[in-house]
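Coordinates in review
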Amino acid sequence: MTANVPTTETFALYGTDASAEQTRAAFREGRVPVAVYGMGKIGLPLSLVYAEATGAVTGVDVDPDRVSALNGGINPFDHEPGLSTLLSNLVADGRFESTTDGEAAATRARVHVIVVPTLIDESDAPDLSILEAATETVRDGLEPGDAVFVESTVPPGTCADVVAPILASGDRVPGEFGLAHTPERTASGRALRDIRGSYPKIVGGVDSESGRVAEFVYGELTDNEVIRTSDARTAECVKLFEGVYRDVNIALANELATLTDEFGVDVVETIEAANTQPYCDIHTPGAGVGGHCIPYYPYFLLDDVNERAPLIRTAREVNERMPGFVVETLVDELAVDGGSVEDATVALLGVAYRAGIPEARASPAIDVAHRLDRLGATVLVVDPVLDDLPEMPGESVSLEALESRDVDAAVLVTAHEEFQSIDWGAFETEDASGGGKRRGIPVVDGRQALDLSGTAHRQYTVGRGRD
Ligand SMILES: NC(=O)c1ccc[n+]([C@@H]2O[C@H](COP(=O)([O-])OP(=O)(O)OC[C@H]3O[C@@H](n4cnc5c(N)ncnc54)[C@H](O)[C@@H]3O)[C@@H](O)[C@H]2O)c1
Ligand SMILES: CC(=O)N[C@@H]1[C@@H](OP(=O)(O)OP(=O)(O)OC[C@H]2O[C@@H](n3ccc(=O)[nH]c3=O)[C@H](O)[C@@H]2O)O[C@H](CO)[C@@H](O)[C@@H]1O
């Protein structure tokens, strides 16, 4: 089944001599079929924004369960506002369909959008294997005049040196098809809003015509402006520079936070005051940096220049050290009352990499759990937002069940809203001295999220110190 594509000839964008009006009419009438490869957190909302504009979009994925859910109008990402309604409407109207048959979709499509995972391997080197596989699928259906857009975040030079040679290893030769990098500036939890135009859209082609085609297409999708860079490599670096800017600035906040006691100040209060003038934008210290973006992007840049990029590399090391800082602080706090971590039952609050987002990739909570486990602690893992925990030490406990457990300490890594309803009195005990005095537990707050004043607990907050 082809999503609503009229039987008339489809329209080639790359190298066309049609007028802008003719091109826009063809795009909006569905005569430029689009295939999007990767029906994930970014690929699905992106596909639906394309389908709103063109009415002829096929979402390709290798996961048959994902494909059948989408064709049934079932949205796998219920944390994304507006996505469920948009998906069911576009499927019902025949403007979007999904398939595992990537080659058939590639044969029909005139625009190919690749937004599959780009990861790092165990030695922190970029892993582009999934991108290469998706590119081979596109190659097998590529026609003269087609345009290929790489939305996945990639190391510099990937479009020209990795994607283009694969595309050209089929029947097509360079210059017959367009290729551009069109990076995603989308945060999970606000995907549709971001894709529709929270920020200018960056596009960069491997040649001028590719850049022109990308600029046209995204000009049809975004409510914001389209910034066309000199080439694809520049667009690749724009995305990575944004990411390392964030990693470096989070690292500065984290390094300052580890010196809270030495400075003798509330570092978070100090940062907030420092940021009141426009030349300072120190970020927020925390228990670490997770997700599929910020922890990875520095390694995409460092891959070839590691020895000559000490700031980027050191920032990564500072951020990767924060789970250790949090655990060392917990050990110290337990020792204040003569407690020891190897005998302790520790509640680990929050595994998702960011509050409210059901995603645990590269979450610092996983490192915190391993460190506590290696020290002999019993770890109770609580995350009301994640349906399934990633592989990690510890016993999964519901928020409700936690309050009936004997807990000797707690560490908050992710500030889910649900943690505000915890009855902290449940973890107080009768003080041995009697007289109705209550005994509390040490709590390390990795996200400045808790207020335990009025309880007997002893709170250490990353960036603020001991209460
Ligand atoms: N998630 C974000 O916040 C975000 C933001 C900006 C950029 N990005 C980038 O977008 C890209 C995708 O990230 P994501 O979070 O959507 O990933 P995801 O893991 O949510 O989804 C990826 C999807 O691709 C599918 N897939 C795997 N191999 C495939 C193939 N050969 N052909 C077709 N589909 C295939 C998977 O089954 C999965 O459904 C990455 O490069 C990421 O860096 C992500
Ligand atoms: C388009 C795109 O790629 N968008 C990305 C996406 O990034 P993301 O979804 O990965 O989320 P981030 O907010 O970057 O958080 C990552 C980790 O860093 C921790 N953190 C964060 C800020 C801070 O001051 N201190 C911290 O410790 C946090 O807890 C979490 O673990 O949206 C961001 C805008 O929201 C963008 O900037 C970023 O490019």
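Residues numbered from 1 in each chain as written. Chains lettered and ligands numbered in written order. Predicted model: local features only at pLDDT ≥ 70, side-chain atom pairs only at ≥ 80, totals over all residues. Heavy atoms only, no water.

Okay, the overall build of the protein chain next. Looking only at helices and strands, the protein chain has 17 helices and 19 strands in total. The globule rule puts the C-alpha radius of gyration for 467 residues at 23 Å, and the 25 Å found for the protein chain is close to it. Counting over 467 residues, the protein chain shows a buried share of 52%. Taking as baseline every contact in the protein chain between residues at least 6 positions apart, the subset at least 24 positions apart corresponds to 71%. Accessible surface computed for the protein chain: about 19700 Å², of which carbon and sulfur atoms make up 48%. (Helix = DSSP H or I, 4+ residues; strand = E, 2+ residues; numbered from the N terminus. Rg over C-alpha atoms; globule rule 2.2 N^0.38 Å. Buried < 20%, exposed > 50% of the residue type's maximum accessible area, 1.4 Å probe, protein only. Contact = heavy atoms within 4.5 Å. Areas by Shrake-Rupley, 256 points an atom, 1.4 Å probe, with all protein chains shown as cover.)

A separate point is the site of ligand 2. The environment of ligand 2 is formed by 18 residues, the closest being Thr186, Lys239, Arg246, Thr284 and Tyr353. Within the contact set of ligand 2, a nitrogen atom lies 2.8 Å away from a backbone nitrogen or oxygen of threonine 284. Starting from 720 Å² of accessible surface for ligand 2 in isolation, the protein chains cover 84%. Broken down by element, the residue count for the shell around ligand 2 peaks at three residues, all from helix 10 (residues 232–257). Two domains each donate at least three residues to the shell around ligand 2, and these are domain 1 (20–232) and domain 2 (242–467). (Near = heavy atom within 4 Å. Polar contact = N/O pair within 3.5 Å; in protein donor to acceptor, adjacent residues only side chain to side chain. Domains from an automatic or database assignment.)

To continue, consider the sheet that holds strand 7 (residues 147–150). If you trace the eight strands from one edge of the open sheet to the other, you get 3-2-1-4-7-8-9-10, paired in mixed fashion. With partners counted over all chains shown, the strands left at the sheet margins are strand 3 (96–99) and strand 10 (226–228), one partner each. Averaged over all pairs of adjacent strands, the angle between their axes in this sheet comes to 25°, without regard to strand direction. Judged from the four bridges that link them, strand 2 (residues 57–60) and strand 3 form a sheet pairing that is parallel. Its bridge partner being in strand 3, glycine 59 is matched across the sheet by serine 98. (Pairing = 2+ DSSP bridges. Axes fitted to C-alpha atoms, helices over the stretch in contact; angles between N-to-C directions.)

With that settled, the discussion passes to the domain arrangement of the protein chain. If you check the domain split of the protein chain, you get domain 1 (20–232) and domain 2 (242–467). Once you take the C-alpha centre of each, domain 1 and domain 2 turn out to be 36 Å apart. Facing 16 residues of domain 1, the contacting portion of domain 2 comprises 15 residues. Between domain 1 and domain 2, roughly 1300 Å² of surface is buried when both sides are summed, and carbon and sulfur atoms account for 63% of that area. The interface formed by domain 1 and domain 2 contains two salt bridges. (Buried area = accessible area lost by both parts, 1.4 Å probe. Salt bridge = Lys/Arg side-chain N within 4 Å of Asp/Glu carboxyl O.)

Glancing now at empty space enclosed by the protein. Rolling a probe over the atoms, with the probe sized like a water molecule, indicates the empty space that remains. Taken as a whole and assessed by the stated rule, the structure comprises two cavities of 30 Å³ or more. A volume near 120 Å³ is recorded for the largest cavity. What lines the largest cavity is Leu46, Pro183, Glu184, Arg185, Asp194, Ile195, Gly197, Tyr199, Pro200, Lys201, Tyr218 and Thr222. Residue contributions to the lining of the largest cavity peak at three residues, all from helix 8 (residues 191–198). (1 Å grid on protein atoms, 1.4 Å probe; cavity = no way out; pocket = protein on both sides within 12 Å on 5 of 7 lines; lining within 4 Å. Points joined across faces, edges and corners; volume = space filled by probe spheres on them.)

Here we come to the environment of alanine 20. Position of alanine 20 relative to the elements: it lies in helix 1 (residues 20–28). Relative accessible area serves as the criterion here: at 46%, alanine 20 is assigned to the partly exposed category.

What follows is about helix 6 (residues 129–139). Taken together, the buried positions of helix 6 are Leu131, Ala134, Thr135 and Val138. Each buried residue of helix 6 sits inside an arc of 105° when the element is viewed along its axis, so together they form one side. Taken together, the buried residues of helix 6 touch strand 1 (34–37), helix 5 (102–108), strand 4 (111–114), strand 7 and helix 7 (158–167). (Arc of directions from axis to C-beta.)

Here strand 4 shows two buried faces, one formed by Val111 and Val113 and the other by His112 and Ile114. Examined bridge by bridge, strand 1 and strand 4 share four bridges and lie parallel to one another. Residue pairing in the sheet places valine 36 in a bridge with valine 113 of strand 4. As paired elements, strand 4 and strand 7 share four bridges and run parallel to each other. Pairing of isoleucine 114 across the sheet is with valine 150, part of strand 7.

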